[in-house]
Amino acid sequence: MKRVGKRLISTFLAFVLLISNATIIHAEESQYAYSDEVSSGGVTLKVEWNDPELGQETTFHVSASGESGNYKFRMEAPSYTDPDVLSYESVTDPSSGEWLNYTEACSSHDYTFTMMATGTYNFRFFVMDKTANMNYLRTNTFIQVSSPNYPSVNSIVQSSVAQCNAETDGSDYAKALWLHDWLLNQLDYDKSLKWSSAESALTRGLGTCKSYESAYSKLLTAAGIENAETRDTYDGHTWNAFNFDGEWYQVDCTWDDSNVDWYNFDERRLYFGLTDELMSIAHPGHAKIYTEAGYATRSTSLVNNYFVKSGEAAKWMAAYKDRIQENLNAGKTQFSITADNATYPVSIYGIQNGIIAYVMNTTDWYVNGKKVDLVAQTNGAQFDFTVPCTEDKWDADVITTKVTCTKDGVKTYICRDCKTTKTEVVKTLGHDYSSSWTVDKAATCTNEGSKSHHCTRCDSKKDVTVIPKISHSWDKGTIVKNPTYSETGVKRYICTKCGTTKDESIAKLVDDRASILYKTHVQDIGWQGWKSNGTMSGTSGQSKRLEAIRIKLSGEIANKYDVYYRVHCQDFGWLGWAKNGEASGSEDFSKRLERIEIRLVKKR
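**Some points on the overall build of the protein chain**
Turning to step 1, where the next piece is worked out: Helix and strand counts for the protein chain stand at eleven helices and 38 strands.
Turning to step 2, where the next piece is worked out: For 604 residues, the compact-globule formula gives about 25 Å, and the C-alpha radius of gyration of the protein chain, at 45 Å, lies well above that figure.
Turning to step 3, where the next piece is worked out: Dimensions of the protein chain along its principal axes, counting C-alpha atoms only, are 150 × 70 × 45 Å.
Turning to step 4, where the next piece is worked out: Split into buried and exposed, the 604 residues of the protein chain put 39% on the buried side.
Turning to step 5, where the next piece is worked out: Total accessible area on the protein chain is roughly 33800 Å²; 48% of this is exposed by carbon and sulfur atoms.
Turning to step 6, where the next piece is worked out: Looking at charge distribution, the protein chain has the averaged site of its 66 positive side-chain charges lying 16 Å from that of its 76 negative ones.

**Remarks on the sheet that holds strand 29 (residues 501–506)**
One key point about sheets: their strands pair by backbone hydrogen bonds, in either a parallel or an antiparallel sense.
Turning to step 1, where the next piece is worked out: In space, the three strands of this open sheet follow the order 27-28-29, with antiparallel pairing throughout. Strands at the two margins of the open sheet, each flanked by one partner only, are strand 27 (478–481) and strand 29. Between one strand axis and the next, the sheet turns by 35° as a mean value, whatever way the strands run.
Turning to step 2, where the next piece is worked out: Relative to strand 29, strand 28 (residues 489–494) runs antiparallel, the two being bridged by six bridges. Looking across to strand 29, one finds that Lys491 is bridged to Glu504.

**Concerning the side chain of His453**
Turning to step 1, where the next piece is worked out: Within the secondary structure layout, His453 lies in strand 25 (residues 449–454).
Turning to step 2, where the next piece is worked out: Judged by its relative accessible area of 10%, His453 falls in the buried class.
Turning to step 3, where the next piece is worked out: At 3.2 Å, the side chain of His453 and the backbone oxygen of Ser436 are in polar contact.
Turning to step 4, where the next piece is worked out: Those residues in contact with His453, other than ones at most four positions away along the chain, are Tyr433, Ser434, Ser435, Ser436, Trp437, Ser460, Lys461, Lys462 and Asp463.

**A word on the packing of aromatic side chains**
Turning to step 1, where the next piece is worked out: Under the definition given, this model contains 30 aromatic pairs.
Turning to step 2, where the next piece is worked out: Summarising the aromatic geometry, the rings of Phe113 and Trp195 are spaced 6.2 Å apart at their centres and angled 50° between planes, so their arrangement reads as tilted. Within this pair, whereas Phe113 is found in strand 7 (residues 108–114), its partner Trp195 is found in the loop between strand 10 (188–189) and helix 4 (198–204), the two being separated by 82 residues in sequence. Residues Phe113 and Trp195 agree in their burial class; the two are buried.
Turning to step 3, where the next piece is worked out: The ring of Tyr493 carries the charged tip of Lys502 above its face, separated from the ring centre by 5.7 Å.

**Remarks on the pattern of salt bridges**
Turning to step 1, where the next piece is worked out: Tallied over the full model, the rule gives 25 salt bridges.
Turning to step 2, where the next piece is worked out: The salt bridge involving Glu229 is made with Arg231; its shortest N-O contact spans 2.7 Å.
Turning to step 3, where the next piece is worked out: Because the salt bridges share partners, they merge into one network encompassing Lys210, Glu213, Glu229 and Arg231.

About the thresholds
Residues numbered from 1 in each chain as written. Predicted model: local features only at pLDDT ≥ 70, side-chain atom pairs only at ≥ 80, totals over all residues. Heavy atoms only, no water. Helix = DSSP H or I, 4+ residues; strand = E, 2+ residues; numbered from the N terminus. Rg over C-alpha atoms; globule rule 2.2 N^0.38 Å. Buried < 20%, exposed > 50% of the residue type's maximum accessible area, 1.4 Å probe, protein only. Areas by Shrake-Rupley, 256 points an atom, 1.4 Å probe, with all protein chains shown as cover. Lys, Arg positive; Asp, Glu negative; His and termini not counted. Charge placed at Lys NZ, Arg CZ, Asp CG, Glu CD. Pairing = 2+ DSSP bridges. Axes fitted to C-alpha atoms, helices over the stretch in contact; angles between N-to-C directions. Polar contact = N/O pair within 3.5 Å; in protein donor to acceptor, adjacent residues only side chain to side chain. Contact = heavy atoms within 4.5 Å. Phe/Tyr/Trp six-rings, centres within 6.5 Å; stacked < 30°, edge-to-face > 60°. Lys NZ or Arg CZ within 6 Å of the ring centre and 35° of its normal. Salt bridge = Lys/Arg side-chain N within 4 Å of Asp/Glu carboxyl O.

Put into structure tokens, the structure is as follows:
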């Protein structure tokens, strides 16, 4: 009775505790509407939040349980994608310390983030439990948000492009310039270096160079203008390149976003439509990039440069026209003029003078009514001019830059009289692909191969095609493990082409040997399992009596013989004959077996 009472009390207390715990859990869960969690190695990481409101901070409560109880947490830089699009971009710079550092040891931590655009945001939170050797456990949370007051990035882009189309003549140049100016009016450079996406540029009005590049790329693409990213890994900077009429141009929206008014031109368009050479004046590391093989957006034209296109560069050049003409009229074939903007920083005058030199070289010059060629080149803060010889006094050409399939070559000539040099561009050869296939990687039994058409002049290749794996050629096989009555065997085959092996199972041997099976009914135990061929049935050392027995044959002998048996039972004497597994004895009367008689009878 006491034991029953204790059990009832324990059950009651457990029930009370369960209700108490359930109340606590319910109270905690009521604080947040949503949660994600993940477990590993005895640690559970949980993140909780309420319904997010666009434009307002959302709090993410991150906690952990299990193991040491002292955890360090980290939030990864959130990423964003437009509705119905699976293309996430990190909203902020994932390499900044804010997203790399863990908290001090604690049991929970609150993070906040403000979502600003209709779409889907991806949040990842991490926990570290050094004591439990848990160094990396992460949740992966996707949150969809929507509000007409906070349109998606794509909606903002489409709206601005629609306005652009309505306010321009529809040419690629006009649209690219309009979108360039529109973007610069939307955002400011983020001096904290945190925001680095089109989302931050178009919804928060802040961003690093990556924001300018990403947002401008989306605008150009939506306007139908081919564009690409130019990444200067040496200077840690990025900008855009766009293609007009088959010519690439460089544009740096970040450096154009300036409010200074120190010079005699519109500085917010200085980096719009530059060549690679001029862009590398501002970003020296770019010179190492655009000269590398495989550089895809080589920019050599200034036809669609803003200052050339607007006519402002022609006005700059006009300030030098009289001085140039005086030297030409004096019969000079080589002369220099100091640039009027020599006091500007080199990153300014270098680009401006490069544009001016382009206009000088595309202007017609005359001496005594006869047209002359004039070559203008920048040289620091001055212009150097050369009037090439008009007579045929040029030495044989010297190849100073070898032409390749993808890069122009240069021939240089020297005048025998005045030693003036002139150059001639040798256009790229283009690839000459062989019509026959070249095997780049032979297929094997285990790996696919590949083949392609190779250029006869360089290492380029096209039409790279997979060569399927070839079939194994197996030998006749060797038995490495013989089968037994209890275990399967193994036969091993070896591929004669690649040496790969495979194993094939060999079935167990069929046990058709003759066996006699028997089992006994033991006092207080009952029927035991079947035994065979001399294995003991019953008990040893327990003084338990045998009360009944069953006997049968197995294997081939069972098809030819019947086994008959009878027992002499305590108080009953000899019982009737039983056969082939029937029970013989006193299992229901608890009498011991005293004798047994067995006969083997051939079937008729």
